[in-house]
Amino acid sequence: MKSGTARVPTPTSPPPPLALVPGWRVKFLLLALVWGASFLLIKIGTEALAPLQITLGRMVFGAIPLAIVLVLSRGRLPGSPRIWIHLSVAAFLLNVVPFTLFGYAARLIPSALAGICNSATPLFALMFSLVLLSDEKPTRGRLIGLATGFGGVLVVFAVWTGFAGAGTAGMLLAVGAALCYGLGTPYLRRFLAGSRYSPLELSAGQLIAGSAQLAVITPLVTDAPAELPPRVVLAVVALGALGTGLAYVLQYAIVREAGATVASTVTYVVPVVAIALGVLVAGEALTWNQPVGAAIIIVGAALCHGSLRSPRRSASAPDRN
């Protein structure tokens, strides 16, 4: 599941210690795997924990690997109060709210379907960017991509059958999480992209800020679980350490090695992984319209992103990586 915090780092940013992982393509596949598996891990977590508790565990165990990488790479956390205010807002939009919404959604729908709903994130990111960022301009290709992608969302929802039942409520929660990701992305670009801190430093600060928010809120509105099965503990630890902490480090490394454009295309692979794990590992069942809708959403997102272009246009277009 995408955080939206990785951007092209400054030339002086120290590289993360991932030398043992060969090539950006391997990192790309690992990132797609850990993000795609996140939805199944959230589902396991709901067996004994409230959604807010899952989010708190995910944030804390996600911050730990980033803190270790930050120390090893001799980075430092931001010192500006203004930056910390923006990081707190970003954490709320990109972590606290969407992670929790996915937790509630996991109680109502299969993990594979939650992953499909998450594939709408690039559509919301572009939609909010066009509204909030002056340098983002609507083009015919982008508008066609948005229309195509949101048409795919309607197919996933099977609108011809009506909007009723727990499944629809769960999908609305998951789409709400994707909407938060989409809103948080232009917020990061507008208020944090120009700072002197590296994406790794900002990501670590973001997770710390979000963990602090949840540490205050969670005990006030949730009760301690009666029992905590080992599989739930392992799921939450993996969700944080791999699906959040390691994922941010991998995304940061891919941006450095292959560019932000390549790194962003992992969004197209994540729902495929989520569907495969949900069906093959958890034995979840999907109706025909849900994977078909997912494919339409991915095509729409690719059109918005400019990944689907004619050969002539691709050859003449400048490289953005």
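Residues numbered from 1 in each chain as written. Predicted model: local features only at pLDDT ≥ 70, side-chain atom pairs only at ≥ 80, totals over all residues. Heavy atoms only, no water.

Peer 1: I'd like a rundown of the overall build of the protein, residues and numbers included.
Peer 2: A tally of helices and strands in the protein yields 13 helices and 0 strands. Going from the N terminus to the C terminus, the protein shows its helices and strands as α-α-α-α-α-α-α-α-α-α-α-α-α. When the 321 residues of the protein are sorted by exposure, 53% land in the buried category. Considering only contacts in the protein between residues 6 or more positions apart, those separated by 24 or more positions represent 90%. For the protein, the accessible surface area stands at approximately 14,300 Å², while carbon and sulfur atoms represent 69% of it. (Helix = DSSP H or I, 4+ residues; strand = E, 2+ residues; numbered from the N terminus. Buried < 20%, exposed > 50% of the residue type's maximum accessible area, 1.4 Å probe, protein only. Contact = heavy atoms within 4.5 Å. Areas by Shrake-Rupley, 256 points an atom, 1.4 Å probe, with all protein chains shown as cover.)

Peer 1: Got a sec to walk through a nonpolar patch on the surface? Specific residues and values, please.
Peer 2: A grouping of Leu-154, Val-159, Trp-160, Phe-163, Trp-288 and Val-292 is seen on the molecular surface, where their side chains present a nonpolar patch of about 650 Å² in accessible area. Its place among the elements puts Trp-160 in the loop between helix H6 (140-157) and helix H7 (166-191). (Patch = residues over 30% accessible without salt bridge, like charges linked within 9 Å, V, L, I, M, F, W, Y side chains within 5 Å. Salt bridge = Lys/Arg side-chain N within 4 Å of Asp/Glu carboxyl O.)

Peer 1: So what's going on with helix H12 (residues 289-305)? Residues and values would help.
Peer 2: For H12, spanning 17 residues, the distance from its first C-alpha to its last is 24 Å, which sits close to the expected 24 Å at 1.5 Å a residue. The inward-facing, buried residues of H12 contact helix H4 (111-118), helix H5 (121-132), H6 and helix H11 (266-280). (Expected span 1.5 Å × (residues − 1).)

Peer 1: Quick rundown of the packing of aromatic side chains? Include the residues and the values.
Peer 2: To describe a pair of aromatic rings, you give the distance between the ring centres and the angle between the ring planes. Tallying each qualifying case throughout the model produces 6 aromatic pairs. Look at Phe-102 and Tyr-181: their rings are 6.3 Å apart centre to centre, the planes differ by 35°, and that puts the pair in the tilted class. With Phe-102 in helix H3 (residues 81-106) and Tyr-181 in helix H7, this residue pair connects regions lying 79 residues apart in the sequence. Note on accessibility: Phe-102 and Tyr-181 belong to one class, buried. When the ring of Trp-160 is compared with that of Trp-288, the centres are 5.8 Å apart and the planes differ by 20°; the resulting orientation is stacked. (Phe/Tyr/Trp six-rings, centres within 6.5 Å; stacked < 30°, edge-to-face > 60°.)

Peer 1: So what's going on with unusual backbone geometry? Residues and values would help.
Peer 2: Unlike most non-glycine residues, Arg-74 shows phi in positive territory, near 60°. Assignment of secondary structure puts Arg-74 in the loop between helix H2 (51-72) and H3. The phi angle at Ala-158 is positive, at roughly 50°, despite the residue not being glycine. In this fold, Ala-158 is placed in the loop between H6 and H7. Taking the relative accessible area as the measure of exposure, Ala-158 reaches 10% and is therefore buried.

Peer 1: Tell me about the packing of H3 against H7, residues and numbers included.
Peer 2: Relative to each other, H3 and H7 sit at 165°, their axes nearing to 7 Å. By the angle class used here, H3 and H7 are roughly antiparallel. Once H3 is placed against H7, the crossing between them reads as left-handed. (Axes fitted to C-alpha atoms, helices over the stretch in contact; angles between N-to-C directions. Parallel < 35°, antiparallel > 145°, perpendicular 65-115°, else oblique. Left-handed = near helix turned anticlockwise from the far one by under 90°.)

Peer 1: Give me the lowdown on the environment of Ser-195, citing residues and values where you can.
Peer 2: Considering the arrangement of structural elements, one finds Ser-195 in the loop between H7 and helix H8 (199-221). With a relative accessible area of 14%, Ser-195 lands in the buried category. Put simply, Ser-195 and Pro-78 are 117 residues apart on the chain and 9.6 Å apart in space, counted from C-alpha to C-alpha. If near-sequence neighbours (up to four positions away) are discounted, Ser-195 is found in contact with Ile-83 and Leu-202.

So far we have only geometry, and geometry alone does not tell us how the molecule works.
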